[in-house]
Amino acid sequence: DPLKMLANDSQFAQWQNEGLAADRNSFENAAIICQCKRWPLMIDPQLQGAKWIENHYPEMKKITMNTKNWMRTVKNGVQYGYTVYLHSIL
C-alpha cells in the first residue's frame, strides 16, 4: 500500500485532530502535501482541506489575490521556503 509508505496511523490520527476528513482520499492528499519537497498545489473546491491546512501549518502566510503585494509574498515564500496559502482565487 503506497499510502503506508508515505504516512503512518499516528499521522492519520494527528491529521484528523487537525480537522482532516477521515477518508482515504483525504489521507492520500495530506500525505502527498506533507512529503512534497517543492510546492504542492491543493485545489479544494468544497473547502474540506482548508481547515486542516490552517491547523497543520499555523505559521503560514494566508493571502488572497487582493492582498497588497501578494506576488512578493509568493516570491518570498518560494525563495525562503515558508508556506503560503493563496485562497479565494476566483
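Structural notes, computed from the coordinates. (Residues numbered from 1 in each chain as written. Predicted model: local features only at pLDDT ≥ 70, side-chain atom pairs only at ≥ 80, totals over all residues. Heavy atoms only, no water.)

1. Some details on the pattern of salt bridges
Side chains that differ in charge, positive against negative, can pair when their charged atoms come close. One pass over the full model with this rule turns up 4 salt bridges. Salt-bridge contacts for Arg24 lead to Asp1; the nearest nitrogen and oxygen are separated by 2.7 Å. Taken as a pair, Arg24 in helix 3 (residues 24-35) and Asp1 in the segment before helix 1 (2-6) lie far apart in primary sequence, 23 residues in all. A salt bridge links Lys4 to Asp9, with the nearest nitrogen and oxygen atoms 2.9 Å apart. Residue class for Asp9 comes out exposed when judged on its relative accessible area of 53%. Taken together, the shared-partner salt bridges connect Asp1, Arg24 and Glu28 into one network. (Salt bridge = Lys/Arg side-chain N within 4 Å of Asp/Glu carboxyl O. Helix = DSSP H or I, 4+ residues; strand = E, 2+ residues; numbered from the N terminus. Buried < 20%, exposed > 50% of the residue type's maximum accessible area, 1.4 Å probe, protein only.)

2. Describing the packing of helix 2 (residues 9-17) against helix 3
Where helix 2 meets helix 3, the closest approach of the two axes is 11 Å, and the angle between their N-to-C directions is 100 degrees. Accordingly, the angle class assigned to the pair helix 2 and helix 3 is roughly perpendicular. Contacts between helix 2 and helix 3 involve Phe12, Trp15 and Gln16 from the former and Phe27, Ala30, Ala31 and Cys34 from the latter. Among the residues forming the contact of helix 2 with helix 3, the class breakdown is 6 nonpolar, 1 polar and no charged. (Axes fitted to C-alpha atoms, helices over the stretch in contact; angles between N-to-C directions. Parallel < 35°, antiparallel > 145°, perpendicular 65-115°, else oblique. Contact = heavy atoms within 4.5 Å. Nonpolar A, V, L, I, M, F, W, Y, C, P; charged D, E, K, R; others polar.)

3. Here's the deal with unusual backbone geometry
We note that Asn69 has phi near 60 degrees; this positive angle belongs to a residue other than glycine. Counting through the fold element by element, Asn69 comes out in the loop between strand 1 (61-63) and helix 5 (70-80). What makes Asn69 partly exposed here is its relative accessible area of 46%.

4. Notes on the packing of aromatic side chains
Working definition: an aromatic ring pair is given by the centre-to-centre distance plus the angle between the planes. Applying the stated criterion across every chain, the model contains 3 aromatic pairs. Measuring from centroid to centroid gives 4.6 Å for Phe12 and Phe27, while their planes differ by 20 degrees, and the two rings are stacked. In this pair, Phe12 is assigned in helix 2 and Phe27 in helix 3, connecting sequence segments 15 residues apart. By way of ring pairs, the aromatic residues Phe12, Trp15, Phe27 and Trp52 are connected into one cluster. Its end group placed over the ring of Tyr82, Lys61 keeps NZ or CZ at 5.4 Å from the ring centre. (Phe/Tyr/Trp six-rings, centres within 6.5 Å; stacked < 30°, edge-to-face > 60°. Lys NZ or Arg CZ within 6 Å of the ring centre and 35° of its normal.)

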